[in-house]
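These are the residues of each chain, in order.
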Amino acid sequence: MAITYTKKHQVIVIGAGHAGCEAALAPARMGCKTLLLTANIDTIGLMSCNPSIGGVGKGHLVKEIDALGGEMGKAADATAIQFRRLNTRKGAAVQATRIQADRQAYKIYMRKVLEAEKNIDIKQRMVEGFLVEGGKVVGVKTNLGEHFFADAVVVTPGTFPNGLMHIGLTQISAGRAGEAPAVGISDSFESLGFKIGRLKTGTPPRLDGRTVNWEILEVQPGDSDPKPFSFSNDRIEREQLPCYITYTNEKSHQVIRDNLHKSPLYSGVIKGIGPRYCPSIEDKVVKFPDKERHQIFLEPEGVATYEIYPNGISTSLPLEVQYEFIRTIRGLEQVEIMRPGYAVEYDFSDPTQLKPTLETKIIENLFFAGQINGTTGYEEAASQGLIAGINAALLVKGEEPLIFDRAEAYIGILIDDLVTKGVDEPYRMFTSRAEYRLILREDNADLRLREKGYKIGLVKEGDFESFLDKKRRIREELDRLENTKILPNSKFNEILLQLGSSQLKKPQTLKEILRRPEISYNELSFIDPPSRAFIGSDIFSQVEMEVKYEGYIQKQMEQVDKFKQIENIKIPESFSYESIPGLSREIVQKLSRIRPNSLGQASRISGITPAAISVLMVYLKRKELQSKESYSSFIS
C-alpha cells in the first residue's frame, strides 16, 4: 500500500552529487520548496573520483556557475589545498583555473550549505519510479512505498542506474565502491519510453602516502598568489599543499601488456563506452605503444589523510596486477594500495530526448542532469544541475525558461551539444568546442552572466552591487586611457626604450601605448602612475584584455551577430516537417525526433545538410511573412 507524504514540494531533486547539489540549491534560493532525495545523506557532494575542480574548459564552467549564483566555485575556494592557473603562457581564451580540493572538507561544506537552506528538505530514500499523470510527472515513489509529490522533478542519479563495478573479472553491482546501484529508477526510464544506453568510467587505485618515497619525486607546487574561483571572494587563506609527479616506464607497460587478458576492458566483459579523453592506463599502453612513459600526478586527498590520488593510471585490472605494475613506478616501489582502482558501467539516457531547458520531451516537468545525459566530470554535471534546477523553478513559477546559446556561455555549448548531437562516448568540455572562445573567457564570466543570475534571483544583492561597481570602474578606466594623451619627451622615451618599446614621435593615448604587445598594464604605470593607484587587479586585468584584444574581440562579435541571425529564427515546438517540399525522409525524421528550437540548432544536427537548412529557412520566412500579412489584413 502506498504511503502518501502529505507535504507537497514544488521541486523534487533525485540524487545529491554535484548535479544534485546545484539542482536543489537553485530552486530553493529562487523561493521554491524543494525536496532533495538521496540514497545516502553521508555522501552529499562526494568527490567520488579525482579530488579536483576545474581545468581547461571545465574551469570556464565553474566560473559561469559562480557568476549565475551557483555554489561550486565557493565550495572549491573554501576547501582547496592547491590552486594552479593553467596555460598562462598561452592566449587568454584557454587560460584556466584548477584546484585540488580536500575531499572530506568539500563534502562537509556542501552538506552544510544544503542543510542551511531554509527551502530545502533532505531525506535519505532510494527512488524507484515516477508518478505520471496525463504525460506529466507529478511525483516519485521510493523503495519504502512512499509517494512524494511535486510540480517538477529533476533527476541526477550519477553512475548509479544499473551500476556495475569491475575489478579484474570480478563484478560487483554498485554505482561506486561501497554503494548499491539504482536498479528500479533505471527500469522506470525504459518503461516511460526513454532510449537508454550504456557508458563506462573508471578510477585509479588510492595509495597510502606513508609508503611513497617522496624525496626522489618531482615537486609540483601550487600558485604563490592563488586567485579564487568565486567572483564573491577576493583572497584565499587556506593552507596549500604540493603535488608530485612521476612516470610509468617500459617495465610498467610490460606488466600491463602481459595481463590484458585479465582486463574486463580487453576481455570483452565491459560493453559500455569509456571517455576517450580520460583513458585507462590499459588503453594508454595499447593505443600508444611507442610512448615510453606516461605522466602521473600524485595528488593529496586532503590535509587530514595520507590517501593519495595517482592521476593518470585509471585501471580495472585485478588488484594483484595493480600492485605489480604500480610498484615498478619510481617512488612507488614499496607503495600500499588503500582502495583498488575499478571501472563502473552505468545506464544513461540519450540527451537528444531533452529540450534545451533540460526538460525531457517525453514527460513534461521532468528534468535530467549530469551523467544520466552522457557527460563525465563534476563541472559538466554541476552546470546541468544548475540549469535544470533554474528551469524547474521557472516552470513552476510560470516564467520564461533560461536558455543560453553558444555565443553566451560554455554552459550553452555543453547543453546545445548534448540535446542537438547526442553522445557516443562520455562528453567532456574543452575550449576547442567553443566557436567564440575569445569572448567566453574565464575572467569575464561575471560580465557575461551576473545580471542574468541576479534577474532570476540567485545572485545576492551585495554581490550584484559589487559587480555593478566593477563594471563602472572598468568603463571609467577604459575611458581614461582613451582620453589621456602622453606627449613625447626624453623621460617617457627613455622608459619606453628600457621596456623594449619604440619611442614616441607624436602624442599617443595611454590606450594606444597599452595596445603595444610589449607593454603590460603593470609597465604602463611607469609612464602613468594612476594606472595602478586606485584600481584592483581584477579591474586592470579586464582593462588590459579589452585593450589588447579589441580588434580580435570586435571581429568575433561580428561573427556572433551573423550567428544570431540564424539562431534567432525560431521553430515552433509543434512544427510539422513532413509538409516541407525538398526535404529528404531521413532529414525529416531527424528534425522530427530532435525538434530543434531554432534554425541555428537545426543546422548543427548531424546529417542536416546546408541545402536542407536553406529550404527550411525559405519555408520559415515565407510562413512568417504570411502570418504578418494575415495579421495586417485582420487589424485593417
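Residues numbered from 1 in each chain as written. Predicted model: local features only at pLDDT ≥ 70, side-chain atom pairs only at ≥ 80, totals over all residues. Heavy atoms only, no water.

## Points about the sheet that holds strand S12 (residues 170-173)
Read across the open sheet, the four strands follow the order S12-S11-S20-S13; overall the sheet is antiparallel. Each end of this open sheet is capped by a strand with a single partner; those strands are S12 and strand S13 (196-203). The mean inter-strand angle of the sheet, taken between neighbouring strand axes irrespective of direction, is 25°. Pairing of strand S11 (residues 164-167) with strand S20 (residues 342-349) involves three bridges; the strand directions are antiparallel. Paired with His166 across the strands is Ala343, a residue of S20. (Pairing = 2+ DSSP bridges. Helix = DSSP H or I, 4+ residues; strand = E, 2+ residues; numbered from the N terminus. Axes fitted to C-alpha atoms, helices over the stretch in contact; angles between N-to-C directions.)

## Notes on the pattern of salt bridges
As enumerated under the stated definition, the model contains 47 salt bridges in all. Arg406 is the partner of Glu435 in a salt bridge, and the nearest nitrogen-oxygen pair spans 2.8 Å. Of this pair, Glu435 sits in the loop between helix H10 (410-421) and helix H11 (445-455) while Arg406 sits in the loop between helix H9 (378-397) and H10, and the two are 29 residues apart along the sequence. Take Arg406: its relative accessible area is 2%, and that puts it in the buried class. Between Glu567 and Arg604 there is a salt bridge, with its nearest N and O atoms 3.0 Å apart. Remark: Arg604 occurs in the loop between helix H20 (599-603) and helix H21 (610-635) and Glu567 occurs in helix H18 (residues 550-567); sequence separation between them is 37 residues. Given a relative accessible area of 15%, Arg604 falls into the buried group. Sharing partners across several salt bridges, the network here consists of Arg406, Asp416, Asp417, Lys421, Glu435, Glu567 and Arg604. (Salt bridge = Lys/Arg side-chain N within 4 Å of Asp/Glu carboxyl O. Buried < 20%, exposed > 50% of the residue type's maximum accessible area, 1.4 Å probe, protein only.)

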